[in-house]
Amino acid sequence: MSCSIRSFGLRRAVPSRGLAVVLALGLAVAFSPRPVRAQECPIPTRTAILLVAFGTSVPEARQSFQNIEDKARAAFPGRELRWAYTSHILRKKLAAEGETLPTVEETLDTLAHNGYAQVAVQSLQVVPGEEFHKVVAAVNSRASRFDRVALGQPLMAGTDDLKRLAEVLPACIPAQRKPSETVLFMGHGTAHPAGVFYPALEYFLERSDTKMHVATVEGVPSLDDAVAVLKKAKARTVWLVPLMSVAGDHAVNDMAGSGDGSWVNVLARAGITAKPVLKGLGQCGPVSDLWIEHLGQALAALDQAERPKHVKKDN
Ligand code: CO
């Protein structure tokens, strides 16, 4: 007897059997398998990739997203790839300009409607802070519409990530930087407990180069913290490199802008010449590779969870 392949349109997860949803980061959100009949072997699955970013209103910054998308397509050819964005402020702003930024919920609904049974969601956040947890909540709210959903980790989610990132970040510094010159990576920062990843990254960076530092717009270390360190070290020239997926509003205005409070001007008043770099981490190959690796882990988690679902024919 041959296997009967059912139409994808009929594949809807049955959120039954006690809804044993496990959202382990990087692991599949596994529902108890649907009751399966014999003669369905192996079960066809349609897996999509969903990339999730905060969003940006700076057109040039979108190159970061494009680069990450190109890398994802190259690494996982043939997979359906969609985008979603977490920023409601940007959604409103861009809607006024006629552009639609879909939410995670909307994109997952569309994928379910299109018959996708599995989704690997990759967060392009830098730390597992508030934005990332919004993604977790959105994914949980739609998990019952799929057989499985796996969520990839943000850029820094543990000590191994920190070590790897510290190794590859120097590749994002322009080649013109002289060894005597200081580098200050500009992170977003957050009051969320995940804000500790920024000083932790600085710890690992300084182990290889004592002239590399981290400061954040909204958390610790602050720019003031960094200025105190730079003054003590008698730094004259500081390269400013965004530690964000895109060189968006924070990089263009808070870092390199003409306002009194911009990092460039704050440093100038401290007698330090700043050289801002307007490129996001998505434009830095070795760093975007780390996000793609996390996406690979999410896809692998789906594949592993899938294996026991292959059903034997009971001739
Ligand atoms: Co912000």
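Our subject in this report is the structure included herewith. Note that residues are indexed from 1 along each chain, following the sequence as it is written. Where local features are concerned, this predicted model is filtered to residues with pLDDT of at least 70; where side-chain atom pairs are given and counted, the filter is 80 or more; whole-chain, interface and lining totals use all residues. Processing note: side-chain calculations cover all non-hydrogen atoms of the structure and skip hydrogens and water entirely.

### Overview of the overall build of the protein chain
And step 1. The way it works is that DSSP assigns letters per residue, a run of H or I at least four long becomes a helix, a run of E at least two long becomes a strand, and they are numbered from the N terminus. Each helix and strand in the protein chain was counted, giving ten helices and nine strands.
And step 2. Here the protein chain holds 315 residues, and 50% of them are scored as buried.
And step 3. Pairs of residues are marked as contacts when any of their non-hydrogen atoms sit within 4.5 Å. Across the protein chain, the fraction of contacts at a sequence separation of at least 24, relative to all contacts at a separation of at least 6, is 77%.
And step 4. In the structure as shown, the protein chain presents an accessible area of about 14500 Å², 54% of it carried by carbon and sulfur atoms. Burial status follows relative accessibility: with a 1.4 Å probe on protein chains alone, a residue under 20% of its type maximum counts as buried, one over 50% as exposed, and anything between as partly exposed. Throughout, the Shrake-Rupley method with a 1.4 Å probe supplies accessible areas, and for residues the shown protein chains are the sole cover considered.

### Let's talk about the coordination of the cobalt ion
And step 1. Those protein atoms acting as donors to the cobalt ion are His188 (NE2) and His250 (NE2), and they sit at 2.0 to 2.1 Å. Placement of the pair is His188 in the loop between β6 (182–187) and α6 (197–208) and His250 in helix α8 (residues 249–255), with a sequence separation of 62 residues.
And step 2. On the basis of relative accessible area, His188 is assigned to the partly exposed category, the value being 27%. For Na, K and Ca the donor cutoff is 3.2 Å, while for all other metals N, O and S atoms must lie within 2.8 Å; water is not among the atoms, so some sites may look incomplete.

### Brief notes about the pairing of strand β7 (residues 212–216)
Along any regular strand, the residues point their side chains to alternate faces of the sheet.
And step 1. Along β7, five of the five residues are buried, which leaves the element largely enclosed by surrounding structure.
And step 2. Here β7 shows two buried faces, one formed by Met212, Val214 and Thr216 and the other by His213 and Ala215.
And step 3. In this description, strands pair whenever DSSP reports at least two bridges between them. When β6 meets β7, the two strands line up parallel, connected through five bridges. When the bridges of β7 are listed, Met186 appears paired with Ala215.

### Examining unusual backbone geometry
And step 1. Cis geometry marks the peptide bond from Val220 to Pro221, where omega comes out at -10 degrees.
And step 2. With a phi angle near 55 degrees, Lys234 is a residue other than glycine that sits in the positive phi range.
And step 3. Within the secondary structure layout, Lys234 lies in the loop between α7 (223–232) and β8 (237–242).
And step 4. Using a relative accessible area of 65% as the deciding quantity, one classes Lys234 as exposed.

### Observations concerning the nonpolar core
And step 1. Nonpolar cores were defined as sets of buried Ala, Val, Leu, Ile, Met, Phe, Trp, Tyr and Cys residues, with membership established by side-chain atoms within 4.5 Å. Ranked by size, the top nonpolar core spans 55 residues in total, and within it Met156, Leu165, Leu169, Phe185, Leu201, Leu243 and Val287 carry the most contacts.
And step 2. Looking at which element gives the most residues to this core, the answer is helix α10 (residues 285–306), with nine residues.
And step 3. Here Leu243 is in contact with Val126, Met156, Leu169, Phe185, Met186, Gly187, Tyr198, Leu201, Val214 and Leu281, once residues within four sequence places are set aside.
And step 4. Counting residues in hydrophobic clusters, the runner-up holds 20 residues, among them Ala235, Leu240, Met255 and Ala274.

### Here we look at the pattern of salt bridges
And step 1. One speaks of a salt bridge when a side-chain nitrogen belonging to Lys or Arg is within 4 Å of a carboxyl oxygen belonging to Asp or Glu. Counted by the stated rule, this structure contains ten salt bridges.
And step 2. Close ionic contact of Lys71 with Asp289 constitutes a salt bridge, the shortest N to O distance being 2.8 Å. Of this pair, Lys71 sits in helix α1 (residues 62–75) while Asp289 sits in helix α10, and the two are 218 residues apart along the sequence.
And step 3. Among the residues examined, Lys71 registers a relative accessible area of 26% and is labelled partly exposed.
And step 4. Accessibility expressed as a relative area gives 36% for Asp289, which makes it partly exposed.
And step 5. Put simply, Arg145 and Asp109 hold a salt bridge, and the shortest N to O gap is 3.0 Å. With Arg145 in the loop between α4 (130–142) and β5 (148–152) and Asp109 in helix α3 (residues 104–113), this pair connects stretches of sequence that are 36 residues apart.
And step 6. Looking at Arg145, the relative accessible area reads 31%, which means it is partly exposed.
And step 7. A relative accessible area of 22% means that Asp109 is categorised as partly exposed.
And step 8. Taken together, the shared-partner salt bridges connect Asp109, Arg142 and Arg145 into one network.

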